[in-house]
Amino acid sequence: MSSPDSQERLKEEAKNIHTRLETLIKDKDPKVRMIRSLCIYAGMITETLLEYEEPDVIMEQAFHRIADLVRADPADEKTDDALMPLAYTLDHDTELGRLLARNTAEKLPKGLDDLHEIAIALIISDFPLWEKDGYARDRMLRLLVESVIASLTFEMATQDFCDLLVEDFMADNAHTTAQALTGLGAVAGNYFYIAQTQMKLPPEAETEFMNVMVRESLRHGTPGTKNWSTLAAANDAEDKHIPEYLKEIKPSIEEFFVLIGLEDPLGRAVAVAKAVGRMVAVISVEDVGQIHPSIAKSLAKTGMILGAHYKEHVIPA
């Protein structure tokens with residue numbers, strides 16, 4: 001049982017997080033503020049789940065606990081809910097939550113275990129306030145559930161795809177590091193093209209999608225410019241190689257998505273883009289393959305662009 005001092009510490013950090021969210025979320029629209037806050041809370045929960053050997057079990061327990069505390073069940077999964085943000089927006093805010101969780105956990109006696117309790121407390125305290133603004137608890141609960149699942153899926157996919165690239169595509173010098181970056185970038189771009197053909201995306205979608213890769217790369221320590229839009233195309237990446245890369249890399253990634261049930265084409269594109277960004281960081285920071293950061297970024301960006309333009313290798317939904 002927690003001591004009174006410990007409880008006060010948790011309350012203090014919960015208040016600090018609430019204050020921090022007021023700074024992070026600049027939007028004036030109450031609906032946008034609610035959605036972004038819930039996605040950040042989802043990211044906080046995700047970060048705590050990654051500490052456990054069976055995160056799916058702890059996740060289910062957390063969902064049931066929150067549902068009991070707010071006295072609601074999540075809305076039906078098939079509900080066409082306008083609350084759910086686009087995958088790259090969701091990734092942005094859940095990653096903010098994960099960062100907030102890591103920074104806060106360092107100050108808490110039980111680390112992420114305490115943080116887990118804080119996240120749940122914040123959610124159940126905010127639900128009644130958002131309900132007064134006209135948002136049903138079951139829809140907000142569905143948004144939270146789907147956001148946690150998506151955030152956890154993105155992280156697991158990123159790790160798996162990086163391992164796939166190193167262990168299968170690059171193993172025994174079958175392909176160079178440069179080819180691996182270009183190839184994985186092409187897969188990400190190809191999924192983005194599929195998303196464009198199946199969804200009505202806003203004009204800024206391409207930039208926001210590219211930013212997924214950039215953020216993941218920077219998050220893991222890639223040095224140099226943060227503005228990848230100024231990078232020139234890589235000279236050694238030719239269009240004729242893209243079919244080969246897609247044929248060798250994409251089937252295993254597609255199999256992963258089918259296995260976990262991720263059908264959203266933009267969600268698939270974002271998951272692979274995060275893996276591309278992390279691979280850029282691995283290569284730049286850990287000297288795997290010995291490619292200069294600016295070249296690694298350029299290869300990844302070029303692969304994405306070429307993959308998005310290679311329409312012949314679209315896998316039907």
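Since the structure is predicted, the reported quantities are computational estimates derived from the model, not experimental observations.

**Concerning the overall build of the protein**
- Counting its secondary structure elements, the protein contains eleven helices and zero strands.
- For the protein, the residues scored as buried account for 52% of the 317 residues in total.
- Contacts in the protein between residues far apart in sequence, at least 24 positions, make up 83% of those at least 6 positions apart.
- Taken as a whole, the protein presents about 15,600 Å² of accessible surface, with 50% of it coming from carbon and sulfur.

**Regarding the nonpolar core**
- In terms of nonpolar packing, the biggest core is built from 99 residues, with Ile 253 and Val 272 touching the most fellow members.
- Sort the elements by how many residues they give to this core and helix H6 (residues 137-169) lands first, with 15 residues.

**Observations concerning a negative patch on the surface**
- Together, Glu 53, Glu 54, Asp 56 and Glu 60 make up a negatively charged patch on the protein surface.
- One can find Asp 56 in helix H3 (residues 55-70).
- Note on Asp 56: relative accessible area 46%, which makes it partly exposed.

**Description of the pattern of salt bridges**
- Per the stated rule, a full pass over the model turns up 20 salt bridges.
- Note that Arg 98 is salt-bridged to Glu 47, the shortest N-O span being 2.7 Å. In this pair, Arg 98 is assigned in helix H4 (residues 87-105) and Glu 47 in helix H2 (residues 30-49), connecting sequence segments 51 residues apart.
- Residue Arg 98 is classed as buried on the basis of its relative accessible area, which comes to 7%.
- Across the salt bridge formed by Glu 155 and Arg 278, the nearest N and O atoms sit 2.9 Å from each other. Taken as a pair, Glu 155 in helix H6 and Arg 278 in helix H10 (residues 265-285) lie far apart in primary sequence, 123 residues in all. Across the pair, Arg 278 and Glu 155 agree in class, each one buried.
- The network of salt bridges with shared partners includes Glu 47, Asp 91, Glu 95, Arg 98, Arg 102, Glu 155, Arg 215, Glu 216, Arg 219, Lys 274 and Arg 278.

**Looking at the packing of aromatic side chains**
- Counted under the stated rule, the structure contains eight aromatic pairs.
- Ring geometry for Phe 161 versus Phe 256: centroids 5.2 Å apart, planes at 75°, classification edge-to-face. Of this pair, Phe 161 sits in helix H6 while Phe 256 sits in helix H9 (residues 242-260), and the two are 95 residues apart along the sequence.
- Its relative accessible area of 2% is what places Phe 161 among the buried residues.
- Between Tyr 191 and Phe 257, the ring centres sit 5.5 Å apart and the planes meet at 85°, which makes this aromatic pair edge-to-face. In this pair, Tyr 191 sits in helix H7 (residues 177-198) while Phe 257 sits in helix H9, placing the two residues 66 residues apart along the sequence. Taken as a pair, Tyr 191 and Phe 257 share a single burial class, namely buried.
- Cluster of aromatic residues (ring-pair linked, three or more members): Phe 161, Tyr 191, Phe 256 and Phe 257.
- Sitting above the plane of the Tyr 191 ring, Lys 250 keeps its charged end 4.4 Å from the centroid.

**Overview of helix H5 (residues 112-132)**
- Taking 1.5 Å per residue, 21 residues should reach 30 Å; H5 reaches 31 Å between its end C-alpha atoms and fits that length.
- At the exit of H5 stands Gly 134, carrying a positive phi of roughly 105°.

**Here's the deal with the confidence of the model for the protein**
- Predicted confidence across the protein gives a mean pLDDT of 88, with 88% of residues reaching 70 or more.
- Note that pLDDT drops below 50 for residues 313-317; the model gives that stretch eleven contacts with residues more than four away or on any other chain.

**Here we look at the side chain of Glu 155**
- Taking relative accessible area as the criterion, Glu 155 reaches 5% and is therefore assigned buried.
- Those residues in contact with Glu 155 that lie beyond four places of it in its chain are Leu 50, Arg 98 and Arg 278.

**Considerations on the packing of H3 against H6**
- For the pair H3 and H6, the least separation of the axes is 11 Å and the interaxial angle reads 165°. In terms of axis orientation, H3 runs roughly antiparallel to H6. Viewed along their axes, H3 and H6 form a crossing whose handedness is right-handed. Residues Pro 55, Met 59, Phe 63, Ile 66, Ala 67 and Val 70 of H3 pack against Arg 137, Leu 141, Leu 144, Val 145, Val 148, Ile 149 and Leu 152 of H6.
- Per-class residue counts for the contact of H3 with H6 are twelve nonpolar, no polar and one charged.

Cut-offs and rules
Residues numbered from 1 in each chain as written. Predicted model: local features only at pLDDT ≥ 70, side-chain atom pairs only at ≥ 80, totals over all residues. Heavy atoms only, no water. Helix = DSSP H or I, 4+ residues; strand = E, 2+ residues; numbered from the N terminus. Buried < 20%, exposed > 50% of the residue type's maximum accessible area, 1.4 Å probe, protein only. Contact = heavy atoms within 4.5 Å. Areas by Shrake-Rupley, 256 points an atom, 1.4 Å probe, with all protein chains shown as cover. Core = buried A, V, L, I, M, F, W, Y, C linked by side-chain atoms within 4.5 Å. Patch = residues over 30% accessible without salt bridge, like charges linked within 9 Å, V, L, I, M, F, W, Y side chains within 5 Å. Salt bridge = Lys/Arg side-chain N within 4 Å of Asp/Glu carboxyl O. Lys, Arg positive; Asp, Glu negative; His and termini not counted. Charge placed at Lys NZ, Arg CZ, Asp CG, Glu CD. Phe/Tyr/Trp six-rings, centres within 6.5 Å; stacked < 30°, edge-to-face > 60°. Lys NZ or Arg CZ within 6 Å of the ring centre and 35° of its normal. Expected span 1.5 Å × (residues − 1). pLDDT = per-residue confidence, 0-100. Axes fitted to C-alpha atoms, helices over the stretch in contact; angles between N-to-C directions. Parallel < 35°, antiparallel > 145°, perpendicular 65-115°, else oblique. Left-handed = near helix turned anticlockwise from the far one by under 90°. Nonpolar A, V, L, I, M, F, W, Y, C, P; charged D, E, K, R; others polar.

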